[in-house]
Amino acid sequence: MGSVIVGTGVAQPPHVVSNADLVKVMDTSDEWIQSRTGVARRRYVAPGVGSVQLAAEAVSAALNDAGVAPGEVDLLVNATMTPDMFAPGNAALVQAEVGLERICAFEIRQQCSGFVYGLELADAMLANGRATTAVVVGAEAHAGYMPFGPTSWAMLRGTHDGPADPDEYAAATDSRAWSVLFGDGAGACVLRRGEDDSGFIGGRLFSDGGSYDLIHVPGIGFSRQPYIDAAQLEAGLCIPQMKGMELFRQAVRAMPSAVTGVLDSVGLSVSDLDLVIAHQANARIVSAVGTALGLDESVVPSNIAEHGNTTAATLPILFHEQRLAGRVGSGALVAFTAFGAGAHWGASLYRVP
Ligand code: ACO
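Residues numbered from 1 in each chain as written. Predicted model: local features only at pLDDT ≥ 70, side-chain atom pairs only at ≥ 80, totals over all residues. Heavy atoms only, no water.

Undergrad: Explain the layout of surface pockets to me, please; I cannot follow it from the model alone.
TA: In this approach a probe as big as a water molecule rolls over the atoms, and the regions it shows empty are the leftover space. Each pocket or cavity is described by its volume, and for the largest pocket that value is around 940 Å³. Residue lining of the largest pocket: 35 residues in total, with Met81, Thr82, Pro83, Tyr145 and Ile220 positioned closest to the centre. For the lining of the largest pocket, the per-class residue count stands at 20 nonpolar, eleven polar and four charged. Both domain 1 (3-193) and domain 2 (199-351) contribute no fewer than three residues apiece to the lining of the largest pocket. Taken together, 18 residues make up the lining of the second largest pocket; nearest its centre are Pro147, Ala171, Ser175, Gly236 and Ile239. Secondary structure elements with two or more residues in the lining of the second largest pocket: helix H7 (166-174), helix H8 (176-179) and helix H9 (230-234). Taken together, the residues of the lining of the second largest pocket break down into ten nonpolar, four polar and four charged. Composition of the lining of the second largest pocket by domain shows at least three residues from each of domain 1 (3-193) and domain 2 (199-351). (1 Å grid on protein atoms, 1.4 Å probe; cavity = no way out; pocket = protein on both sides within 12 Å on 5 of 7 lines; lining within 4 Å. Points joined across faces, edges and corners; volume = space filled by probe spheres on them. Nonpolar A, V, L, I, M, F, W, Y, C, P; charged D, E, K, R; others polar. Domains from an automatic or database assignment. Helix = DSSP H or I, 4+ residues; strand = E, 2+ residues; numbered from the N terminus.)

This is the structure we're talking about:
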């Protein structure tokens, strides 16, 4: 018996930043961003708001949707690559913020694949009786990574008309290939053990540290003494470094392969799929995943235009939206799949009860 999703919820910061807004603070264009990535707008958290607050809002919304009281939850899996603090991780902070009991709560750091890893872990702990009601949440506050100085932020928040500061503009332009992709948000699912042979029916997870430098943040690490200093900040070691095209190539191979692998493992085929909830790093990647699987684009939906890449929050936000749109009917076969930093990737197969 696989576990079943009994509720979903999301949290989205109110501050929407369009591509036209970004044009004011870096050398880019709406045309380039939309045609190369599919992103039209994204949201950024306000200073002082982090992924703990977003995660707590999404978890509360999912519990409310499920009709489950906080006191009934006995497992929280929190996925993020943008925690509020270096230590401790977000999980216990989210547990306290939501008002959960003193339960098992832990953090995973699988970036864009964090949610699919979280689903597999929660499903395993529900299956082996270690938990009865689990919440998996993915939440990101990428705004802290953004290569914007104070003048640029004031322009993006509408508190300053410009012109842009030339040094800030040049620094933001240096990071334009990755910074235009990301947005903030959170999504959560409540899981319980199922009563029949529906629910999570298979999963495959993979890692390849040999590809860690596809996208990584080299600074702030304890192989350095001290682990953070002004020189690292100055050298840009505390923001992502990305090999975009190689990441693209690996993502479009790995996700279809993970999906077909898990389908094979349970004796199903691609034609059985009703919906693929694929990681949204780039609309062209999503489209290529659909093409590789031979599926119509309606089966592999994309919401990157509205959110950008919300890393660990992507899969639950997309799943929640598809549920609201009536795309997750009883008996539907849904594949969750993601590829991201690590490299980590994988797929989970879900039969809607
Ligand atoms: N605006 C305008 N021009 C730009 C921008 C921008 N925002 N970004 C890059 N360019 C320019 C470059 O400077 C370059 O110009 P040049 O030819 O004059 O040198 C040109 O566009 C092409 O740049 P590339 O980096 O080669 O662009 P590419 O076609 O590879 O697209 C992109 C870049 C969109 C990032 C793509 O590689 C991609 O989506 N890769 C996957 C990214 C991804 O999956 N990220 C998720 C990571 S997930 C995680 O785990 C966190």
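From this point, the narrative continues.
Undergrad: How do you make sense of the pairing of strand E6 (residues 133-140) when you look at a structure like this?
TA: Each regular strand shows side chains that alternate between the opposite faces of the sheet. Counting buried positions along E6 gives eight out of eight residues, so the element sits mostly inside the fold. Pairing of strand E4 (residues 75-79) with E6, which is carried by five bridges, proceeds in the parallel orientation. Pairing of Ala79 across the sheet is with Gly138, part of E6. (Buried < 20%, exposed > 50% of the residue type's maximum accessible area, 1.4 Å probe, protein only. Pairing = 2+ DSSP bridges.)

Undergrad: Help me understand the packing of aromatic side chains in this model?
TA: Within a pair of aromatic rings, the relevant descriptors are the distance that separates the centres and the angle that separates the planes. Throughout the structure, instances matching the rule amount to 13 aromatic pairs. Relative to Trp153, the ring of Tyr44 has its centre 5.4 Å away and its plane inclined at 75°; by these criteria the two rings are edge-to-face. Residue Tyr44 is found in strand E3 (residues 41-44), and its partner Trp153 is found in helix H6 (residues 150-156); the two are separated by 109 residues along the sequence. Note on accessibility: Tyr44 and Trp153 belong to one class, buried. A centroid spacing of 6.0 Å and a plane angle of 35° characterise the contact between Phe200 and Phe336, whose relative ring orientation is tilted. Remark: Phe336 occurs in strand E12 (residues 333-340) and Phe200 occurs in strand E8 (residues 199-207); sequence separation between them is 136 residues. Take Phe200 and Phe336: they sit in the same class, and that class is buried. An aromatic cluster of three or more residues is present, and its members are Phe200, Phe319, Phe336 and Tyr350. (Phe/Tyr/Trp six-rings, centres within 6.5 Å; stacked < 30°, edge-to-face > 60°.)

Undergrad: Can you help me understand a nonpolar patch on the surface in this one?
TA: The grouping of Phe86, Ile220, Phe222, Tyr227, Ile228 and Leu233 at the surface amounts to a nonpolar patch, some 570 Å² of accessible area in total. If you trace the backbone, Ile228 turns up in the loop between strand E9 (215-216) and H9. (Patch = residues over 30% accessible without salt bridge, like charges linked within 9 Å, V, L, I, M, F, W, Y side chains within 5 Å. Areas by Shrake-Rupley, 256 points an atom, 1.4 Å probe, with all protein chains shown as cover. Salt bridge = Lys/Arg side-chain N within 4 Å of Asp/Glu carboxyl O.)

Undergrad: Whenever I open this one, helix H3 (residues 51-66) confuses me. Can you help?
TA: Because an α-helix completes one turn every 3.6 residues, residues spaced three or four positions apart along the sequence face the same direction. The end-to-end C-alpha distance of H3, which contains 16 residues, comes to 22 Å, matching closely the 22 Å that a straight helix rising 1.5 Å per residue would cover. Residues of H3 that are buried in the fold lie against strand E1 (3-11), E4, helix H4 (90-98), E6 and strand E7 (185-193). At the C-terminal side of H3, Gly67 shows a positive phi close to 70°. (Expected span 1.5 Å × (residues − 1). Contact = heavy atoms within 4.5 Å.)

Undergrad: When you look at the sheet that holds E4 in this model, what are you seeing that I'm missing?
TA: Spatially, the five strands line up as an open sheet ordered E1-E7-E6-E4-E5, and their pairing is mixed. Each of the sheet's edge strands pairs with one partner strand only, and the pair in question is E1 and strand E5 (104-108). Between one strand axis and the next, the sheet turns by 15° as a mean value, whatever way the strands run. Taken together, the eight bridges between E1 and E7 define a ladder with antiparallel strand orientation. If you follow Val10 over to E7, its bridge partner there is Gly187. Sitting on the sheet, H3 touches E1, E4, E6 and E7, and the angle it makes with E1 is about 130°. (Axes fitted to C-alpha atoms, helices over the stretch in contact; angles between N-to-C directions.)

Undergrad: Just to check I follow, could you spell out the site of the ligand for this structure?
TA: Close contacts around the ligand come from 23 residues, with Thr28, Arg36, Cys112, Asn282 and Ala341 the closest. Gly244 has a polar backbone atom sitting 2.9 Å from a nitrogen atom of the ligand. Measuring from an oxygen atom of the ligand, one finds a side-chain N or O atom of Asn282 at 2.6 Å. Expressed as a share of its isolated accessible area of 1,000 Å², the protein-covered part of the ligand is 73%. Top element by residues in the shell around the ligand is helix H10 (residues 244-265). It accounts for four residues. Looking at side-chain class alone, the shell around the ligand contains 14 nonpolar, seven polar and two charged residues. Looking at the shell around the ligand, you find at least three residues from each of domain 1 (3-193) and domain 2 (199-351). (Near = heavy atom within 4 Å. Polar contact = N/O pair within 3.5 Å; in protein donor to acceptor, adjacent residues only side chain to side chain.)

Undergrad: Just to check I follow, could you spell out H10 for this structure?
TA: Between the first and last C-alpha of H10 there are 31 Å, a value that for 22 residues agrees with the 32 Å anticipated at 1.5 Å per step. Positive backbone phi, at 75°, marks Gly267, one or two positions downstream of H10.

Undergrad: I would appreciate a short explanation of the side chain of Asn90 in the present structure.
TA: Topologically, Asn90 is positioned in helix H4. Under the relative-accessibility criterion, Asn90 is labelled buried at 0%. Discounting residues that sit within four places of it in the chain, Asn90 has contacts with Ser51, Val52, Asn78, Thr80, Pro83, Asp84 and Glu107.

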